[in-house]
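Residues per chain, in single letters:
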Amino acid sequence: MVTQFNVQVLERVLRDGIADGADVVNAHDWLTAMCSRIVSRKVGARFVVTVHDLVVGKRFGELDNPSTYIAQIEQWMLGEADVSICVSAATREEAITAYGAPPDRLVAVYNAVSGRTFPRFEPDELRWFRCALAAPDEAIVLYVGRLDREKGIDVLIDAFGRAAASAKAKLVIAGKGD
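Scope of this entry: the structure provided in the associated data block. (Residues numbered from 1 in each chain as written. Predicted model: local features only at pLDDT ≥ 70, side-chain atom pairs only at ≥ 80, totals over all residues. Heavy atoms only, no water.)

A few points about the layout of surface pockets
Taken as a whole, the largest pocket spans an internal volume of roughly 270 Å³. Lining the largest pocket are His52, Asp53, Leu54, Gly57, Lys58, Thr91, Glu94, Tyr143, Gly145, Arg146, Glu150 and Lys151. Looking at the lining of the largest pocket, the elements with two or more residues in it are helix H3 (55-58) and helix H5 (89-99). Of the residues belonging to the lining of the largest pocket, the class tally is 2 nonpolar, 4 polar and 6 charged. (1 Å grid on protein atoms, 1.4 Å probe; cavity = no way out; pocket = protein on both sides within 12 Å on 5 of 7 lines; lining within 4 Å. Points joined across faces, edges and corners; volume = space filled by probe spheres on them. Helix = DSSP H or I, 4+ residues; strand = E, 2+ residues; numbered from the N terminus. Nonpolar A, V, L, I, M, F, W, Y, C, P; charged D, E, K, R; others polar.)

So, the pattern of salt bridges
Enumeration according to the criterion identifies 9 salt bridges in this entry. As a salt-bridge pair, arginine 41 and glutamate 80 come within 2.8 Å of each other at their nearest N and O atoms. Of this pair, arginine 41 sits in helix H2 (residues 33-43) while glutamate 80 sits in helix H4 (residues 65-80), placing them 39 residues apart in sequence. Lysine 58 is paired through a salt bridge with aspartate 53; the nearest N and O atoms lie 3.8 Å apart. Since its relative accessible area comes to 27%, lysine 58 is described here as partly exposed. Classification of aspartate 53 by relative accessible area gives partly exposed; the value is 24%. A network of salt bridges, in which partner residues are shared, links Arg12, Arg15 and Asp16. (Salt bridge = Lys/Arg side-chain N within 4 Å of Asp/Glu carboxyl O. Buried < 20%, exposed > 50% of the residue type's maximum accessible area, 1.4 Å probe, protein only.)

Now the structure itself:
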């Protein structure tokens, strides 16, 4: 399905001249790496990939057939890219150790969020929200994110269970996932 998607994107980009004159073609992860590489060669542009994570880390090295396919594309993509932008130093290091990616073509650029994006709450609203989650004398340990195995929620719950025995705290988990 991914290969078919890449072929369809490639046909459209080449037919409509979408990338003509581009200096950079960016593949957002492995999903568009194949067509992005072909387009970058066709128009003479640099091939840059953005790497949010790698399947070897997501699957803890336990790769089934589909995951092996993804890993092979990731390894090829990292070897082909002029520059790979990894979202963290850990992802950069994983690319090097798991796939032998060239360190001189990998850079870690952390995701950022502007505080201006989110609304400001009045102190009374914050107190009400806090009281809904925990007693006034309890500390709150908050996790907001995907609830998938690779996020280590099981480790958080285990560690919290051990620490909570000696501290007044409430664990709050918000998110969705597998």
